[in-house]
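# Coordinate analysis (summary)
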Amino acid sequence: MDPDDAELARRVGEAELVRRAFEANPVAQTALRGSDLRFVAANAAYRAMAGRTDFIGRTFTEVFPEVVSQQLYDLTLSVLQTGQPTVAREWRVQIERNGSSTPDELYIDFTLSPWHDTGSATDAEGPSGATDAGDASPGPADGVFIVVSDVTDRVRERLSAQTRAAEAEQRYAAARDVVTQLQNALLPHSVPVIDGVDLAARYLVASQDQAAGGDWFDAIPLADGRLAVVVGDVVGHGVAASAAMGQLRAVLGAVLAHTGDLVQSLDWVDGLAGSTSTLRAATVCAVVLDPADGRLEYATCGHPPPLVVSPDGSTRFFTPTGGAPLGTGPEVAVRPDRLGPDDLLLLYTDGLVEQRGQPLPLGLERLARTAADALRNQVMPAHAPTSGAERTVRDCVELLTRNGYDDDVTAVAVQRRPRLPALHVELPANLASVSAARSAVLDWIHEIEPERPDTQVLELAVTELVANVVEHAYPARPDGPGPVHLDGALLPTGELQLVVADDGEWREPPDPSVSRGRGLWLVSRAADSLELHHDGSTRAVLRHGLSRAVALGSAATDADRGRRPESELDLVVDAGPPRRLRVSGVLDSMTAPRFADELEVASRGGVHPLTVDLSGVDLLASAAVRVLFDLRDRMAVHDLAPTLVAPRGTPAASVLDLVGLVHAEDETIDDPI
C-alpha cells in the first residue's frame, strides 16, 4: 500500500468502509470537482432526493439544467471561486425527477462547502500535524461539497398554517395594528385590467415591526385610452411615511386622471413636496403608455429607471431623465420611448436591487437577468401564472429578496399584448341560451384573467339579462321566440361593457310584485352600472370594472382568476335532524324548478325544519332567490324558518347579502332566516 494511502486509511478509515458509510448516510451528500462542477460522488440519500442516479462524471448543468435560472448554480460556482462556504434555508426549487419532464417543487436546506483537494495525507497536515477541512484558507477551491435536506413537508405545513392564520386575521380586521390598517387603506389592493396590456404588481414591507412603509405604486386609466403607471418611495417607514405616501399618491393620481399630462402632474407634486417636509426628497418614476402603439413618456425623479424586457430575453434600462427627488432640484424632465409588441416594462423601488454590501450595478444586472428568465417562464415553470407580468413580478420579488432585504420592495410590470376582440353572439330566446350565453362570455374573457369576484358579477349579469329576454321579450309570438343579441367590449377605461338586446316590443309589467323583478335589481346592485333602453325593443347596457389582485405581504398568493368549471346541479339530503339539503352547481332559471321541488320534499311542504347549505353553489340567480323567499313564506305559516348556509366570499353569500336573506357562515350556526 502506498504510504500516503496507508496514512490516510489510519486517520480516516479504509476506503471501502468509508465508501459504504458515505453511501448509507441518511443525510443527502454529494461532491463536485473542477471549474465545470463535475459530480465525483453522490450517496444514496442524495440520489433518492434528486430522483435520479446518473450523476458521476457529469456536470452540474448537464444534470440539472432547469435550476440554472434559479440561482443555485451561480451560488455553487461562487463557493468554488471564492472558497467561502454558504448556508441557505428553505430555498424553493423545481427539478425534474424520475424521468419526468414536469418539474417537482421542493424546499431545501443546504450547505455548500469549498473542497480543497490536497492530494495526499501528509500534504494535508497543518503545522501541528492535525488536518481539518475547516482550516483551509479562503481562496479558489478544487470542488464543492454539498449537504442537502428536503424540508418540503415542514415548509408546506408552516405555509398552510400561515394561510389559515391569514384567513382568521381577515375576520378580525378591526383588531389589527393601526399601522397595518393604514397600509391596507392607502395602498391599492388591485390594478385595473386594461385592453392591450397585461398589468401586475407586488409589494413587500421592510420588516414586520415596520408594517407600513414609504413605497407606493398606482395604475391609472386615462380618459383617452392611455395608462399611467407610477412607482415611488417616500423617505422613512411607519405611520408618518405611510401618511405622506398616501397624500402623494392621492394628489398625483387625481391630477393625472384629470389632465392626462405627465409634466403638469409631476410639477404639482414637486411643488407640494417642496413645501411639505414629510414629502421632500421622495422619489418617483412615472410612465404614461399608449397601449395601441406602445408610445410612452416617462420621468425618473431621483428614482431607478424602468427596465424593458423583450420576448427574446433581451433587456435594456431606460435612460434616466435626470430629475432630482421631489422638492429638491430643478424642474421635472420627461423623455419619450416606445414598447414593441409583447415587450414588458418593469417599474420597481430600490429595495429590489439594493442589498447591503452589494454594488448597485450588480443588483441591476441580477434584476435584468431574472426578469428575462421569468418572462420566458424559465425560472419555476411548474404551476407558474400564465400572465407574463404576474410571473415577472412574482419571480423577481421572490428570487431577489430570498437572501434578505433591508427596505420596502415594490415591483409593477406592464406588458403589451393584443387587444381583446369584440364579442357578438346571437342566440334563440329560450332557456337553453342562458347557459350558452354565460359560457360564451366566460370563454371570451378567459384570456384577460379577471379576478373571480368580477367573473361572478358577469356570470350573474348574463344569466339575469338573457333570462329576462327569454321571459318577457316574445310572449305568445306565433312564429316562436325571436333572437337575443349579446355584445361585449373591453373599454379603454378598464371597464367591460355587455349589451343584451332583443327584437321584441317593450310593455310595462301588468302586475309587478315583490316576488318578481329581482333579477335586474340584483344586476344593478352587483355591477358598476346598468342602463335599460326601451325603443320598441329593449337594450340592457352593463358596465363593470375589471381588476387583478395585488400581492401585499411576504407570502406569494395565487389569485383566484378566470373561469371556474361550471358543475351540474347536485342536491343531496342528509337525514338530520334537522334535515340538511346540500346544494352544488348552478341555480338559474333552468334549474330553479328542480331546486323548488327538492325543497318542498325535504321540508315536507314547509312543516319540518330545514337547513339549506349553499356553500357549493357556483351561481345563485334571481329565479332561485325567488324559490328561497317562497320557502321562507311557506314555513312561516308553521312558525318555522329555514337556515341558509353560505360562507363569506362564496357566490351565494354575496347574492343573499344583496337581497337581505340572513345566512350562517357554517352549519354549526342555527340562526334561521
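Right, let's walk through the structure included here.

Definitions and limits used
All residue numbers here refer to positions counted from 1 along the written sequence of the relevant chain. Residues qualify for local features only when their pLDDT is at least 70, as the model is predicted, and side-chain atom pairs are given and counted only at 80 or more; totals for whole chains, interfaces and linings, by contrast, use all residues. By convention in this description, side-chain values take in all heavy atoms of the structure and omit both hydrogens and water. Each helix corresponds to a stretch of at least 4 residues labelled H or I by DSSP, and each strand to a stretch of at least 2 residues labelled E; elements are numbered beginning at the N terminus. In this scheme, a residue with accessible area under 20% of its type's maximum is buried, one over 50% is exposed, and one in between is partly exposed, where area comes from a 1.4 Å probe on protein chains only. Per-residue and other accessible areas follow the Shrake-Rupley method at a 1.4 Å probe size, with only the shown protein chains counted as cover for residues. Here, strands pair whenever DSSP counts at least two bridges between them. Think of the arc as the fan of directions from the helix axis to the C-beta atoms. Contacts are assigned to residue pairs that have any heavy atoms within 4.5 Å of one another. Angles run from 0 to 180 degrees between N-to-C directions of axes, and those axes are lines fitted to C-alpha atoms, restricted for helices to the stretch in contact. Salt bridges, as used here, are contacts in which a Lys or Arg side-chain nitrogen is within 4 Å of a carboxyl oxygen on Asp or Glu. If an angle is under 35 degrees, it is roughly parallel; if it is over 145, roughly antiparallel; if it lies from 65 to 115, roughly perpendicular; otherwise it is oblique. Each crossing gets its handedness from the near helix: less than a right angle anticlockwise from the far helix is left-handed, clockwise is right-handed. Amino acids outside the nonpolar list (Ala, Val, Leu, Ile, Met, Phe, Trp, Tyr, Cys, Pro) and the charged list (Asp, Glu, Lys, Arg) are all regarded as polar, and Gly is one of them. Between 30 and 60 degrees the pair is tilted, below 30 it is stacked and above 60 it is edge-to-face, where a pair is any two Phe, Tyr or Trp rings, Trp via its six-membered ring, whose centres lie within 6.5 Å. For a Lys NZ or an Arg CZ to count as sitting over a ring, it must be within 6 Å of the ring centre and within 35 degrees of the ring normal. The patches reported here contain residues having more than 30% relative accessible area and no salt bridge. Joining distances are 9 Å for like charges and 5 Å for nonpolar side chains (Val, Leu, Ile, Met, Phe, Trp, Tyr).

Below, the discussion takes up the overall build of the chain. Of the regular secondary structure elements, the chain holds 17 helices and 27 strands. With 673 residues in all, the chain has 49% of them scored as buried. When the accessible surface of the chain is summed, it comes to about 30,600 Å², and 52% of that surface belongs to carbon and sulfur atoms.

Before going further, it helps to examine the pairing of strand β11 (residues 295–301). The buried fraction of β11 is high, at five of seven residues. Examined bridge by bridge, strand β10 (residues 283–289) and β11 share six bridges and lie antiparallel to one another. Opposite Val284, over in β11, you have Cys301 as the bridge partner. Between β10 and β11, which pair antiparallel in sequence order, lie five residues; one of them, Gly294, sits at a positive phi of approximately 85°. Pairing of β11 with strand β14 (residues 335–338) involves four bridges; the strand directions are antiparallel. Bridging from a neighbouring strand, Leu296 pairs with Asp337 of β14.

This part is about helix α15 (residues 592–602). The set of residues buried in α15 consists of Ala592, Phe595, Leu599 and Ala602. Seen along its axis, α15 keeps its buried residues to an arc of 90°; they face one direction. Exposed positions of α15 whose direction lies more than 90 degrees from the buried face are Asp597 and Val601.

Strand order in this open sheet of six strands is β13-β12-β15-β16-β7-β23, and the pairing throughout is mixed. For this open sheet the edge positions go to β13 (315–317) and β23 (551–552), each flanked by a neighbour on one side alone. Two elements, strand β12 (residues 307–309) and strand β15 (residues 344–348), share three bridges in a ladder whose sense is antiparallel. Residue pairing in the sheet places Val309 in a bridge with Leu344 of β15. The sheet strands contacting helix α10 (residues 360–375) are β12, β13, β15 and β16 (409–416), and the helix crosses β12 at an angle near 30°. Set on the sheet, helix α11 (residues 388–401) makes contact with β7 (197–204), β15 and β16; between it and β7 the angle comes to about 25°.

Under the defined criterion, the tally for this structure stands at 31 salt bridges. The closest approach of N and O atoms between Glu90 and Arg158, which form a salt bridge, is 2.7 Å. Taken together, the positions of Glu90 in strand β3 (residues 86–95) and Arg158 in helix α6 (residues 152–171) put the pair 68 residues apart, joining distant regions of the chain. Given a relative accessible area of 32%, Arg158 falls into the partly exposed group. Arg316 is the partner of Asp337 in a salt bridge, and the nearest nitrogen-oxygen pair spans 2.8 Å. Residue Asp337 is found in strand β14, and its partner Arg316 is found in strand β13; the two are separated by 21 residues along the sequence. Assessed through its relative accessible area of 34%, Arg316 is described here as partly exposed. Salt bridges linked by common partners bring Glu90, Asp109, Arg154 and Arg158 together as one network.

Contact geometry for α10 and α11: axes closest at 8 Å, N-to-C directions at 140°. Taken together, α10 and α11 sit at an angle that is classed as oblique. Judged by the sense of rotation from one axis to the other, the crossing of α10 with α11 is right-handed. Of α11, the residues touching α10 (which contributes Arg366, Leu367, Thr370, Ala371, Ala374 and Leu375) are Gly388, Arg391, Thr392, Asp395, Cys396, Leu399 and Leu400. When grouped by side-chain class, the residues that make up the contact of α10 with α11 number seven nonpolar, three polar and three charged.

Bringing the packing of aromatic side chains into the picture now. If you walk through the whole model with that rule in mind, you get 10 aromatic pairs. Geometry around Phe64 places Arg52 over its ring, the cationic atom sitting 5.9 Å from the centre. Positioned above the aromatic ring of Trp91, the side-chain terminus of Arg402 is 4.2 Å from the ring centre.

Quick look at a nonpolar patch on the surface now. On the surface, Leu8, Val12 and Val18 cluster together into a nonpolar patch covering about 240 Å² of accessible area. Its location among the elements puts Val12 in helix α1 (residues 3–12).

Another aspect to go through is the pairing of strand β25 (residues 579–587). By the bridge criterion, five bridges tie strand β24 (residues 570–574) to β25 in an arrangement that is antiparallel. Opposite Asp574, over in β25, you have Arg580 as the bridge partner. Connecting β24 to the next strand, β25, in antiparallel fashion are four residues, including Gly576 with a positive phi near 85°. Looking at chain direction, β25 and strand β26 (residues 610–620) are connected through eight bridges and run parallel. Residue pairing in the sheet places Leu581 in a bridge with Val612 of β26.

On to the sheet that holds β25. Read across the open sheet, the four strands follow the order β24-β25-β26-β27; overall the sheet is mixed. Two strands close off the open sheet at either side, each with one partner strand: β24 and β27 (643–645). Within the sheet, the average angular offset between the axes of one strand and its neighbour, ignoring direction, is 20°. Where β26 lies against β27, three bridges are found, and the strand directions are parallel. The residue of β27 that forms the bridge with Val612 is Leu644. Along the sheet, α15 makes contact with β24, β25 and β26, crossing β25 at roughly 180°. Against the sheet, helix α16 (residues 622–636) touches β25, β26 and β27, its axis set at about 170° to β26.

The N-to-C vectors of helix α14 (residues 518–526) and helix α17 (residues 651–659) enclose an angle of 105°; their axes lie 10 Å apart at closest approach. It follows from the interaxial angle that α14 and α17 lie roughly perpendicular. Contact residues: Arg518, Trp521, Leu522, Arg525 and Ala526 in α14; Val655, Leu658 and Val659 in α17. Of the residues in the contact of α14 with α17, the class split is six nonpolar, no polar and two charged.

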